[in-house]
Amino acid sequence: MAISFVGSAENSAANGANVTLTLPAGTTTNDLVIVAYGIGDNDNVDFDMAMVTTGYTEVADLFANDTQDASLGVYWKVMGATPDTTAAVDGLGGADAAVAAVCMVFRGVDLTTPMDVTPTTATAINTMHPNPPSINHNNPAGVWTVIAGASGHTLAGAGTYTFPTGYVTNAIDRGQDDDSDVTVGMGSRTNPADPEDPGVMTHSGTDSTSFAWCAATLALRPALVPAQRLLNMAPMIPA
């Protein structure tokens, strides 16, 4: 079964408040929801990023410590018989911290092992342009890659990302303004290289050595079609 894109959602809040995403219409049983959220702060605190909604698996909890800190949490969940309609992230209560969240929903991902390999992560200071790291997936037919990034800065909430080649279609980003600001974004690619080195998520604002970023790269394993399942289950025939 080929992977397909279902939809996306975004939301944000000031003062370290929790953020709730309304999952896109059409999200149904066996769909894979990937949530990424960022916190921009200036208190040098490595937050324990977390989902409020239960059932999510964490694949990244990242922190980059500069004058303007960046934190990024990335999570996934396969929808059950009664799919969720929302996904909420924990803003962790920083009175001067900005929180922004995005999600992307995919269909046709392997239900047992949706992550083809362990996601890769990276962080940096002195710049706000996330550079999702290379990922060496197993190259199954139909693999997709997903990138997520967050930037901590003081450029208010209007900033956006220019996504790297292959990740522009259906990409999503969201900013939030507070004393410290944040931008978070996600994109996906249907035809990644092996290994895949995505490229930089270029922020629209003027960069500064006081800013920081975090990023993650995921590889989605496609579900086997029925014929493939039968072939994998068939006993070996003696020569």
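The sections below set out a description of the structure shown in this document. Remember, predicted model here, so these are calculated numbers, not experimental data. (Residues numbered from 1 in each chain as written. Predicted model: local features only at pLDDT ≥ 70, side-chain atom pairs only at ≥ 80, totals over all residues. Heavy atoms only, no water.)

### Quick notes on the sheet that holds strand E7 (residues 98-107)
This is how it is decided: Two strands are counted as paired when DSSP detects at least two bridges linking them. For helices the rule is a DSSP run of H or I covering at least 4 residues; for strands it is a run of E covering at least 2, with both sets numbered from the N terminus onward. Here, axes are lines fitted to C-alpha atoms. For helices the fit covers the stretch in contact, and angles between N-to-C directions go from 0 to 180 degrees.
Judged by pairing direction, the sheet is antiparallel, and its five strands sit side by side in the order E1-E7-E3-E5-E4 without closing on themselves. Each edge of the sheet is formed by a strand with only one pairing partner; in this case those strands are strand E1 (4-13) and strand E4 (57-64). This sheet shows a mean twist of 10° between the axes of neighbouring strands, independent of strand direction. Summarising the sheet, strand E3 (residues 32-41) and E7 pair through nine bridges and their orientation is antiparallel. For Tyr37, the partnering residue across the bridge sits in E7 and is Ala101.

### Quick look at the pattern of salt bridges
Rules: The rule for a salt bridge is simple: a side-chain nitrogen of Lys or Arg has to be within 4 Å of a carboxyl oxygen of Asp or Glu. Three exposure classes are used, based on accessible area relative to the maximum for each residue type with a 1.4 Å probe and protein chains only: buried under 20%, partly exposed in between, and exposed over 50%.
On inspection of all chains with the given rule, the structure shows five salt bridges. As a salt-bridge pair, Glu10 and Arg174 come within 3.3 Å of each other at their nearest N and O atoms. With Glu10 in strand E1 and Arg174 in strand E11 (residues 172-176), this pair connects stretches of sequence that are 164 residues apart. According to the relative accessible area criterion, Glu10 is partly exposed, its value standing at 36%. Between Asp31 and Arg107 there is a salt bridge, and its shortest N-O distance comes to 2.8 Å.

### So, the state of the cysteines
Going by this rule: Throughout, disulfides are identified as pairs of cysteine sulfur atoms within 2.5 Å of each other.
With the rule as written, the count across this model stands at zero disulfides. The cysteine Cys214 is free of any disulfide, with Cys103 supplying the nearest cysteine sulfur at 20 Å.

### A few points about the side chain of Thr127
Note the cut-off: Throughout, a residue-residue contact means that at least one pair of heavy atoms, one from each residue, lies within 4.5 Å.
Structurally, Thr127 can be placed in the loop between strand E8 (120-125) and strand E9 (144-153). Ignoring any residue separated from it by four or fewer positions in sequence, one finds Thr127 in contact with Asp207, Ser208, Phe211, Ala212 and Trp213.

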